[in-house]
Amino acid sequence: ADQIATIEEGITMSIVSLFDSNVRKYPDKPFIRFNGTSITYRQTQAMSKKAAAVLAANGVKKGDAVAVMCYNTPGVLFAMLGAWRLNAVVAPVNHKMQAPEVDYVLNHSSARVLVCDGALAPVIRKLTVPVTALMTDSGADGFESFDTKLEAAPPLDGVVPDENDSAEILYTSGTTGKAKGCLHS
């Protein structure tokens, strides 16, 4: 039975279940508009399932952190939805941060993978924390392309999260000291 997650019905709610519910309602309606191109709900769902496969192939599993350091591009949405399909925790990283600040967030969150915009490669090259960096939107020499991997990946549905599972770690700017992470379920 195809059910829409609602609190009233006692079904576990998650970003992915709510998004997938909207895919069923509006499959061909634009979900993303970027640089004059529309990407439908159905296309976004397909790319997020491929992103889940790419992240899983890079060792990401339930509870692992996936950092995203991107401009507002489709790749960041695919990566976030893909991580949530694996019940991983998304750690957004401000694209204005410099390497020491990014190192801190990666280390504190224990991120296994960093999906970032290729234009940010100069910062990524200076990182000291070991992390698999995958570039989206634009390529960068010496780094694998998240977008190319998406095209080749098979779809992966992922898992259904528990309502108490962590979904995101949001970090403060650290203006009064080290950035602080706030965990959201």
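Please read all numbers here as calculations on a predicted model, not as lab measurements.

Caption draft 1: Quick peek at the pattern of salt bridges. Using the criterion set out here, one finds 7 salt bridges in the structure. Between aspartate 64 and lysine 61 there is a salt bridge; the shortest N-O distance is 3.5 Å. For lysine 61, a relative accessible area of 48% corresponds to the partly exposed category. Members of the salt-bridge network, linked through shared partners, are Lys61, Asp64 and Arg112.

Caption draft 2: Expanded view of the packing of helix α2 (residues 41-57) against helix α3 (residues 74-85). Contact geometry for α2 and α3: axes closest at 7 Å, N-to-C directions at 65 degrees. Read as a crossing pair, α2 and α3 show a hand that is right-handed. Contacts from Thr44, Gln45, Met47, Ser48, Lys49, Ala51, Ala52 and Leu55 in α2 reach Phe78, Ala79, Leu81, Gly82, Ala83 and Arg85 in α3. A per-class count over the contact of α2 with α3 returns 8 nonpolar, 4 polar and 2 charged.

Caption draft 3: Representation of the confidence of the model for the protein chain within the structure. Per-residue pLDDT for the protein chain averages 89, and the proportion of residues at 70 or more is 94%. Across the protein chain, the secondary-structure element scoring lowest on mean pLDDT is strand β9 (residues 181-184), at 78, and the one scoring highest is α2, at 97.

Caption draft 4: Just the nonpolar core, in detail. Membership of the largest hydrophobic core comes to 33 residues, with the highest contact counts inside it found for Leu55, Val115 and Phe146. Breaking this core down by element, the ones donating at least two residues are α1 (15-25), α2, β3 (65-69), α3, β5 (111-117) and α6 (146-152). In terms of nonpolar packing, the next biggest core, distinct from the first, is built from 25 residues, Ala65, Met69, Leu120 and Val129 among them.

Reading guide: rules and limits
- Residues numbered from 1 in each chain as written.
- Predicted model: local features only at pLDDT ≥ 70, side-chain atom pairs only at ≥ 80, totals over all residues.
- Heavy atoms only, no water.
- Salt bridge = Lys/Arg side-chain N within 4 Å of Asp/Glu carboxyl O.
- Buried < 20%, exposed > 50% of the residue type's maximum accessible area, 1.4 Å probe, protein only.
- Axes fitted to C-alpha atoms, helices over the stretch in contact; angles between N-to-C directions.
- Helix = DSSP H or I, 4+ residues; strand = E, 2+ residues; numbered from the N terminus.
- Left-handed = near helix turned anticlockwise from the far one by under 90°.
- Contact = heavy atoms within 4.5 Å.
- Nonpolar A, V, L, I, M, F, W, Y, C, P; charged D, E, K, R; others polar.
- pLDDT = per-residue confidence, 0-100.
- Core = buried A, V, L, I, M, F, W, Y, C linked by side-chain atoms within 4.5 Å.

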